[in-house]
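# Structure assessment
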Amino acid sequence: MPATPVNAAPPDAGSRRARWLGLCLLAVSVALWLLGVSVGSTGFDSLLNIGSDPLAQQIVWDIRLPRALGAWLAGALLGLSGAIAQGLFRNPLADPYLLGSASGAALGGAVAMAMLGVSPGTVGWLARLGVTGMAFVGAAGAVLLTLMLARGVQHTLRLLLAGVIVGVVLSAARDLIQVAQPHILEALQVFTLGSSAFVGWQACALMAGGWLLCAATAWALSRLLDGLMLGEATAASLGLPIAPMRAGLVLALALATGTAVAHTGLIAFVGLAAPHLVRSIARITHQWHVWLSSLMGAVLLLAADILARWVVAPQELPVGVLTAVLGGSYLLWLMHRRALGSSL
């Protein structure tokens, strides 16, 4: 039986802290939802006049509410996929885009924009699928290509290297499309910088369904993530069917990442920072960790989206740029703190 680390909290204490953290994140989410429907070009007036003004009602119900909920759901998907990636690859620096899904989604969006801009009448199926659908197809295709190159999910290092290669190649293909079709550059830039401005109720429903499916899968397979933290040999000695469980986790990772990226574009550091924040607050098993990382990612992205709309109002910053600045600053501070701790 492996020894319990000296600085680890007792299991009961960890569970209590996890429950309190979950309740706090839910409470903060509700507060941010209320704030999210109040932030915009018309300020609080739309919320105050929602009962008497049809225009205010349309602004709140059709624009602000789905945007706030969409940002929360996209963050939840990225936080969940970040927790899966870091547990699966046993690397605290792993992020949801390691399998090439970000590059595939950007390539799919570029293809859709280029073809729809040139001749919408000749690509009716593409018009029905839309940029969001093509981005999801591109993300799913990139993950499948990664799995083919890695010859399955048996070797973690091979899977990681295949994801890096696929990401580089698909990014180069996207750049070639931009060079050939320069008129899509501005629209594609919005996608690559990340934005929740175009999220509607249908997108919220799709993201909610994807989140529930991926979170349930990750929770059911969380024992493998706990076992992998002790090494593959230890996980195998526990009698776990490693190959099928790892395949399920990879599929959940790909689906969660692809769903988020397809609807909000490329948003950096949320999936990387959310699991770190949870681990810094509570030492828990992955059964708790996947849920709490998902809630933490939701809170981070919703807060960043509100901040992006408020800082330079009535203009707004790309939320992906804001999360990159804030998330990068946090990780730099974390590395500096650990460096100081190790030198003492």
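Small disclaimer: the values here were computed from a predicted structure and weren't measured.

## As for the nonpolar core
Residues Trp-72, Leu-80, Phe-89, Phe-191 and Leu-224 are the most contacted members of the largest nonpolar core, which totals 87 residues. One finds Leu-272, Tyr-330, Leu-331 and Leu-334 within the second-largest nonpolar core, a separate group that totals five residues.

## Some thoughts on the environment of Leu-317
Mapped onto the elements of the fold, Leu-317 is located in the loop between α13 (286-310) and α14 (319-343). Counting along the chain gives 124 residues from Leu-317 to Leu-193, while the straight-line C-alpha distance between them is 9.5 Å. For Leu-317, the residues in contact, after removing those within four places along its chain, are Ala-308, Val-311 and Val-312.

## Examining helix α6 (residues 156-180)
Taking 1.5 Å per residue, 25 residues should reach 36 Å; α6 reaches 36 Å between its end C-alpha atoms and fits that length. Taken as a whole, α6 has its buried residues at Thr-156, Leu-159, Ala-162, Gly-163, Val-166, Gly-167, Leu-170, Arg-174, Ile-177 and Gln-178.

## Section: a nonpolar patch on the surface
Together, Leu-307, Trp-310, Val-311, Val-312, Leu-317, Val-321, Val-325 and Leu-326 line one region of the surface with nonpolar side chains, adding up to about 660 Å² of accessible area. Secondary-structure elements contributing two or more residues to the nonpolar patch are α13 and α14. It is α14 that contributes the most residues to the nonpolar patch, three residues altogether.

## A few points about the packing of helix α12 (residues 270-281) against α13
Running from N to C, α12 and α13 point in directions that differ by 120 degrees, and their axes come no closer than 8 Å. Between α12 and α13, the crossing angle belongs to the class labelled oblique. At the point where α12 passes α13, the crossing takes the right-handed sense. Mapping the contact onto sequence places Val-270, Ala-274, Pro-275, Leu-277, Val-278, Arg-279 and Ile-281 in α12 and His-289, Leu-292, Ser-293, Met-296, Gly-297, Leu-300 and Leu-301 in α13. Split by residue class, the contact of α12 with α13 holds 10 nonpolar, three polar and one charged.

What counts, and where the lines are drawn
Residues numbered from 1 in each chain as written. Predicted model: local features only at pLDDT ≥ 70, side-chain atom pairs only at ≥ 80, totals over all residues. Heavy atoms only, no water. Core = buried A, V, L, I, M, F, W, Y, C linked by side-chain atoms within 4.5 Å. Buried < 20%, exposed > 50% of the residue type's maximum accessible area, 1.4 Å probe, protein only. Helix = DSSP H or I, 4+ residues; strand = E, 2+ residues; numbered from the N terminus. Contact = heavy atoms within 4.5 Å. Expected span 1.5 Å × (residues − 1). Patch = residues over 30% accessible without salt bridge, like charges linked within 9 Å, V, L, I, M, F, W, Y side chains within 5 Å. Areas by Shrake-Rupley, 256 points an atom, 1.4 Å probe, with all protein chains shown as cover. Salt bridge = Lys/Arg side-chain N within 4 Å of Asp/Glu carboxyl O. Axes fitted to C-alpha atoms, helices over the stretch in contact; angles between N-to-C directions. Parallel < 35°, antiparallel > 145°, perpendicular 65-115°, else oblique. Left-handed = near helix turned anticlockwise from the far one by under 90°. Nonpolar A, V, L, I, M, F, W, Y, C, P; charged D, E, K, R; others polar.

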